[in-house]
2 protein chains.
Amino acid sequence: MNGAQAVARTLADCGVTTCFANPGTSEMHFVAALDTVPQLRGVLCLFEGVATGAADGYGRMTGRPAATLLHLGPGLANGLANLHNARRARTPLLAIVGDHAHYHKRFDAPLESDIDALAGSVSGWVRRCARSADAGSDTAEAVAAALRPPGQIATLILPADVTWTDGATPAVPIAARSPSPVPDEATSAAAAALRSGEPAVILLGGTGLRRTALDAASGVAQATGARLLAETFPARHERGAGIPPVDRLAYLVEMAASQLAGTRHLILAGATAPVSFFAYPDKPSTPLPAGCQVHVLAEPGDDVPGALAALADLVGAGDAQRTQPSAPPLRPEVPDGELTAQTAASVIGALLPDNAIVCDEANTSGIWLPAATAGAPPHDWLSLTGGAIGQGLPLATGAAIACPNRPVLALESDGSAMYTASALWTHAREQLDITTVIFSNRAYAILTMELERTGAPTTGTTARGLLDLSRPDIDFTALAAGMGVPASRSATAPEFAAQLRRALAEPGPHLIEVALPPRG
Amino acid sequence: MNGAQAVARTLADCGVTTCFANPGTSEMHFVAALDTVPQLRGVLCLFEGVATGAADGYGRMTGRPAATLLHLGPGLANGLANLHNARRARTPLLAIVGDHAHYHKRFDAPLESDIDALAGSVSGWVRRCARSADAGSDTAEAVAAALRPPGQIATLILPADVTWTDGATPAVPIAARSPSPVPDEATSAAAAALRSGEPAVILLGGTGLRRTALDAASGVAQATGARLLAETFPARHERGAGIPPVDRLAYLVEMAASQLAGTRHLILAGATAPVSFFAYPDKPSTPLPAGCQVHVLAEPGDDVPGALAALADLVGAGDAQRTQPSAPPLRPEVPDGELTAQTAASVIGALLPDNAIVCDEANTSGIWLPAATAGAPPHDWLSLTGGAIGQGLPLATGAAIACPNRPVLALESDGSAMYTASALWTHAREQLDITTVIFSNRAYAILTMELERTGAPTTGTTARGLLDLSRPDIDFTALAAGMGVPASRSATAPEFAAQLRRALAEPGPHLIEVALPPRG
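Throughout what follows, the structure given in this document is the object of discussion.

Calculation notes
- Residues numbered from 1 in each chain as written.
- Chains lettered and ligands numbered in written order.
- Predicted model: local features only at pLDDT ≥ 70, side-chain atom pairs only at ≥ 80, totals over all residues.
- Heavy atoms only, no water.
- Contact = heavy atoms within 4.5 Å.
- Buried area = accessible area lost by both parts, 1.4 Å probe.
- Salt bridge = Lys/Arg side-chain N within 4 Å of Asp/Glu carboxyl O.
- Polar contact = N/O pair within 3.5 Å; in protein donor to acceptor, adjacent residues only side chain to side chain.
- Helix = DSSP H or I, 4+ residues; strand = E, 2+ residues; numbered from the N terminus.
- Nonpolar A, V, L, I, M, F, W, Y, C, P; charged D, E, K, R; others polar.
- Pairing = 2+ DSSP bridges.
- Axes fitted to C-alpha atoms, helices over the stretch in contact; angles between N-to-C directions.
- Least-squares fit on C-alpha atoms with pLDDT ≥ 70 in both.
- Buried < 20%, exposed > 50% of the residue type's maximum accessible area, 1.4 Å probe, protein only.
- Expected span 1.5 Å × (residues − 1).
- Phe/Tyr/Trp six-rings, centres within 6.5 Å; stacked < 30°, edge-to-face > 60°.
- Lys NZ or Arg CZ within 6 Å of the ring centre and 35° of its normal.
- Disulfide = S-S within 2.5 Å.
- Core = buried A, V, L, I, M, F, W, Y, C linked by side-chain atoms within 4.5 Å.
- Parallel < 35°, antiparallel > 145°, perpendicular 65-115°, else oblique.
- Left-handed = near helix turned anticlockwise from the far one by under 90°.

Let us look at the interface of chain B and chain A. Taken together, the contact between chain B and chain A spans 92 residues of the former and 92 residues of the latter. Both sides of the chain B and chain A interface together cover about 7,600 Å² of buried area, and 67% of this is carbon and sulfur. Between the two partners, chain B and chain A, sit four salt bridges. The interface formed by chain B and chain A includes 42 residue pairs in polar contact (both at pLDDT 80 or more). Contributing elements (two or more residues each) for the side of chain B that touches chain A: helix H2 (28-34), strand E2 (41-44), helix H4 (72-89), helix H5 (115-120), helix H17 (423-429), helix H18 (445-453), helix H19 (461-465) and helix H20 (476-482) of chain B. The element best represented in the side of chain B that touches chain A is H4 of chain B, accounting for nine residues. Looking at side-chain class alone, the side of chain B that touches chain A contains 50 nonpolar, 29 polar and 13 charged residues.

Rendered as structure tokens:
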């Protein structure tokens, strides 16, 4: 078999069964090889940023890597922004990047570029496959690298001649490393801090935001009086009725500082120490109060649920755990009247289906969503982890392919949606059960706010024009229809509720444009 | 003034009057500064790849850099593919990339990434501005670097604190370096080769494809019997009735080899030695025949027109130049009947307006275009220089802003259009006189061909599905309307002609979807 066939066969043997692809000439042998391995599903994306964002969503929901197939340096470049988000999400992901045949590189053909430099900027593991005979073993190592806890991007660069040369063999899977157990000293130190009687916060992140970890953390909080907070942009947060509720640390550093005011001990459980998303003149880079001691209970790659369970035992949370608070099954009513970010959130809270996956890139329009959905049936909430916009629609693509029996809700802002709107075409082609809600306020509203926060003068028309998405207004229902996704526009809250009910009830993709007041 | 104001002021003083922008929080002071410098026009693009492609189009048409304003590493990443094309086009271009405040970088905030690695992959010059006091002088140096012949990408990384700190001053422009004169030895060597009587080809590229250079080259060809060829993907080729016609070297290496068969001397005038776009099993990496001697008359950064004029003098082309052949003003008739790639090309050849700028990303659908437009009124033809698709609509954006009094025709294939379709929104907002023609064959047709050429098996449905753009069909008229661009669909050649006539006659943007036979 040729190198491409060995890669495909090894992928399937290692449990990598989905490849989000946007191939070019140098990947044609790999594309052909897909037909020799029926376990490996190829999903066409019309832009590489869709492929990488989809692999991120897939990896977050399954804990296993999907592969992406990208065309040389420019294809990888187009996928980098969502790889950046995947890196921040610590998602296991296997980026396969085709390259010129090795003997062709010295000719500096038009598509030649520095793939290694680009790959290095987002990957925890990069290898250029040197020869067909290595294709299988390199692939197995790449999968193992992607799975290294907590998960990372592994990039395998596949020269075209490696893919077409015979003499390759598939490799056997490499056993995945488990998350590291947390040493007793770390648990003891955290327990001592919690027993000090001084104000303490446990900051949860990564696998610390899955249900069993949340149960244990909640027991610790009950037993010790510590408060729980979630990292600001979790990769995946299990929440809803019956699950211990945990507020997220705020995006704005002043608000985060207020949440942490008075805290003497910050205990990190799968999260990193909080920082301001951006720097601003005369504002601090971190919301941590002076004198707050930071304790690392568990790194993101550690066994965070295990560490929290051990901590619960140490602090005698056994009884508390049985009476721990969980979010009550309270949902907002469907409101009457105008559509605003707040009433739209109430509609979503009222109608969010059981076991939903929410891909949240609502940005400023999303501030009412956490409260409105706190008592909805249990669901997973996936955030924009790395701040690179254009993630939501691709992420939903991958989540829906990972979990075909769960409803997926993509909550998108208009500015971000325009980055990777062609994901809608893949929603249609694969008939994915995704309901996309576009919060259309016709502005980069977050920048209107940020412009003021940075202290820059805000009176000029040029500056305002660069933050404004009107002139012309974008008709997202036309864009969706153009790509095969049935779409509607809501002007009032009851209209939105009726359209959302229908979209959720019908299989396949839908899009609803929620027309918000300008910059609302 | 603060650093951002010094940058903006210096840009305008250096003749950089257009900034294609997709800003974020770290660029807010620069955005605000635009209002202090009315000579500097900010053009909002809804995706960074549109901004960089537009700056490429602008730079190709004016010979001066436009600036792009990009948001941190992910914003630069999104712009990289079209920066790759600009690098291959040798376009002067100034990429301004905002970054976190320098003191914030150590906190590894979510958007932190290796900007320098990404910038280095496409730029001839990269600098990170260290302090506000340097902002003006760094900007002047960046503009001078972008203009260094033949033109290159200069990337200036602007930390947020540099932009908001006072104490900056604008810098005076640095005189641009001129293209290097070609030494007499190079001209003499070329002349000797041409006088040898052995078959010779002059391969023209860069500024060798502008009218004065073409006139001189044509004289040389007349006087010596040498043949002229143009590089395969010229950044800008002046052509049409009254201009010496020059065929382009073919994309497929076998066809290029056939064009060069028997050639004993290849004289490079602003072009580099030809290579195969891709490697294929058992095909050569270069189309050059064995024993062909390559002579460099002029490098791309040299004074190519001057070198050709000197060569013309040396070979006694004075008389020949007066009788040199030029393309006759012959245009095809508007054909009747079905729309195919060939009849669509005839329609375009029949109707191409005087002084048009053609941005060509028609790919496989474009093979009939060169012949069909050879006798059209004089026009500029801009090609996909680096093979990174998604260039056409952004390139047209920049060309139209650079040359507001010239009609711009964007010839796009459907697969490529989907990469950067949001450029249409900027066409609408700026009311640019761009007519976009989408050649819709509902396939990555070039890959269907390449799949066969690589010798990969082609029978599988998975492979075919990854090259197919149907299921669902994309309705480009809906996409265009959703972004404010009036659009129509043509099913026959006369329909296309009527719609193209109307679109060219009306100011502002239009889109015509040309429905081709599947994979036609």
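All names here are of chain B. Spatially, six strands are ordered E2-E1-E3-E4-E6-E5 in an open sheet, and the strand pairing comes out parallel. At either end of the open sheet lies a strand with only one pairing partner, and these are E2 and strand E5 (125-128). Taken pair by pair, the neighbouring strands of this sheet meet at an average axis angle of 20°, ignoring direction. Here four bridges tie strand E1 (residues 18-21) to E2, and the two strands are oriented parallel to one another. Across the sheet, Thr 18 pairs through a bridge with Arg 41, a residue of E2.

With an RMSD of 0.0 Å, the operation that places chain B on chain A is a rotation of 180° combined with a shift of 0.0 Å along the axis. In symmetry terms, the pair is related by a two-fold rotation axis. When the interface residues of chain B are mapped onto chain A, 100% of them are again interface residues, pointing to one common binding face.

Turning our attention to the environment of Asn 2 of chain A. Residues and elements named next belong to chain A. Mapped onto the elements, Asn 2 comes out in the segment before helix H1 (3-13). In this structure Asn 2 comes out as buried when scored by relative accessible area, which is 8%. Remark: the alpha-carbon pair of Asn 2 and Thr 91, spanning 89 residues in sequence, is separated by 30 Å. A polar contact is formed between the side chain of Asn 2 and the backbone nitrogen of Ala 4, at a distance of 3.1 Å.

Let us look at the sheet that holds strand E16 (residues 434-440) of chain B. All names here are of chain B. Read from one edge of the open sheet, seven strands run E9-E14-E13-E15-E16-E18-E17, paired in mixed fashion. Strands at the two margins of the open sheet, each flanked by one partner only, are strand E9 (237-239) and strand E17 (487-490). Direction aside, the axes of adjacent strands within the sheet are offset by 20° on average. Inspection of the sheet shows strand E13 (residues 357-361) paired to strand E14 (residues 379-382) by three bridges, in the parallel sense. Looking at E14, one finds that Val 358 is bridged to Trp 381. The strands touched by helix H15 (residues 392-402) within the sheet are E13, E14, strand E15 (408-413) and E16, with E15 carrying the most contacts at an inclination of about 175°.

It is worth spelling out the pattern of salt bridges at this point. All names here are of chain B. Under the criterion given, the structure shown has 44 salt bridges over all chains. A salt bridge links Lys 283 to Glu 254, with the nearest nitrogen and oxygen atoms 3.9 Å apart. Taken together, the residues Lys 283 in the loop between strand E11 (265-269) and strand E12 (293-298) and Glu 254 in helix H10 (residues 253-260) connect sequence positions 29 residues apart. Among the residues examined, Lys 283 registers a relative accessible area of 23% and is labelled partly exposed. The class of Glu 254 is partly exposed, set by a relative accessible area of 35%.

The next thing to look at is the pairing of strand E12 (residues 357-361) of chain A. Judged by how many residues are buried, E12 of chain A sits mostly within the fold: five of five residues are covered. Residues of E12 of chain A alternate between two faces, with Ile 357, Cys 359 and Glu 361 of chain A on one and Val 358 and Asp 360 of chain A on the opposite face, all of them buried.

An α-helical turn contains 3.6 residues, so any two residues separated by three or four positions project in the same direction. In a regular helix each residue adds 1.5 Å, so 15 residues correspond to 21 Å; helix H3 (residues 48-62) of chain A covers 21 Å between its end C-alpha atoms and thus fits that length. Positive phi appears at Gly 63 of chain A, one or two residues downstream of H3 of chain A, with a value of about 75°.

Here the focus is the packing of aromatic side chains. Applying the stated criterion to the full structure yields 13 aromatic pairs over all chains. Each ring, one from Tyr 251 of chain B and one from Phe 277 of chain B, has its centre 5.2 Å from the other, and the planes form 55°; the classification is tilted. Residue Tyr 251 of chain B is located in the loop between strand E10 (247-248) and H10, and its partner Phe 277 of chain B is located in the loop between E11 and E12; the two are separated by 26 residues in the primary sequence. Grouping aromatic residues by their ring pairs yields a cluster made of Phe 47 and Tyr 419 of chain A together with Phe 47 and Tyr 419 of chain B. Just above the ring of Tyr 280 of chain B sits the side chain of Arg 453 of chain B; from NZ or CZ to the centre is 4.1 Å.

Quick look at the state of the cysteines now. Under the counting rule described, the total for this entry stands at zero disulfides over all chains. Residue Cys 403 of chain A stays outside any disulfide, its sulfur separated by 9.8 Å from that of Cys 359 of chain A, the closest cysteine.

Once that is clear, we can look at the nonpolar core. Formed by 206 residues in total, the largest nonpolar core has its most connected members in Leu 11, Phe 20 and Phe 30 of chain A together with Leu 11, Phe 20 and Phe 30 of chain B. Ignoring sequence-local partners within four residues, the contact set of Phe 20 of chain A consists of Val 43, Cys 45, Ala 51, Ala 54, Ala 55, Tyr 58, Ala 66, Ala 67, Thr 68, Leu 69, Gly 398 and Ile 401 of chain A.

Quick look at the packing of helix H9 (residues 211-224) of chain A against helix H11 (residues 304-314) of chain A now. Two quantities define a packed helix pair, namely the angle between the axes and the distance from one axis to the other. Residue and element names in this part refer to chain A. For the pair H9 and H11, the least separation of the axes is 8 Å and the interaxial angle reads 25°. Classified by the angle between their axes, H9 and H11 sit roughly parallel to one another. Of the two possible hands of crossing, H9 and H11 adopt the one that is left-handed. For the pair H9 and H11, contact is made by Thr 212, Ala 213, Ala 216, Ala 217 and Val 220 and by Pro 305, Leu 308, Ala 309, Leu 311 and Ala 312, respectively. Grouping the constituent residues of the contact of H9 with H11 by class yields nine nonpolar, one polar and no charged.

It is worth spelling out unusual backbone geometry at this point. For the peptide bond that leads from Pro 149 of chain A to Pro 150 of chain A, omega is 5°, which places it in the cis range. Note on placement: Pro 150 of chain A falls in the loop between helix H6 (135-147) and strand E6 (153-159). The phi dihedral of Arg 471 of chain A falls on the positive side, at around 55°, and the residue is not glycine. If you trace the backbone, Arg 471 of chain A turns up in the loop between helix H19 (461-465) and helix H20 (476-482). At Leu 72 of chain B, a residue that is not glycine, the phi angle is positive and equals roughly 55°. Position of Leu 72 of chain B among the secondary structure elements: in helix H4.

Let us look at the side chain of Thr 18 of chain A. Note on placement: Thr 18 of chain A falls in strand E1 (residues 18-21). Aside from chain neighbours lying at most four places away, what touches Thr 18 of chain A is Leu 40, Arg 41, Val 43, Tyr 58, Ala 66, Ala 67 and Ile 401 of chain A.

Turning our eyes to something else, we now look at the environment of Arg 489 of chain A. All names here are of chain A. By secondary structure assignment, the location of Arg 489 is in strand E16 (residues 487-490). Once you skip the residues sitting within four places of it in the chain, Arg 489 turns out to touch Asp 475, Thr 477, Glu 495, Gln 499, Glu 513 and Ala 515. Of the polar contacts made by the side chain of Arg 489, one reaches the side chain of Asp 475; its length is 2.7 Å. Only 3.5 Å separates the side chain of Arg 489 from the side chain of Glu 513, close enough to count as a polar contact.

Residues and elements named next belong to chain A. By the criterion of burial, helix H13 (residues 341-351) is predominantly enclosed, with ten of the eleven residues buried. Listing the buried residues of H13 in full gives Ala 341, Thr 343, Ala 344, Ala 345, Ser 346, Val 347, Ile 348, Gly 349, Ala 350 and Leu 351. Looking at the buried residues of H13, the elements they touch are helix H14 (369-373), strand E14 (408-413), strand E15 (434-440), helix H21 (493-505) and strand E17 (510-515).

Residues and elements named next belong to chain B. Burial of strand E6 (residues 153-159) is extensive: seven of the seven residues sit out of reach of the surface. Every second residue of E6 is oriented toward a common face, with Ile 153, Thr 155, Ile 157 and Pro 159 on one face and Ala 154, Leu 156 and Leu 158 on the other, all of them buried. As paired strands, strand E4 (residues 93-99) and E6 are joined by seven bridges and run parallel to one another. What sits directly across from Leu 94, in E6, is Ala 154.

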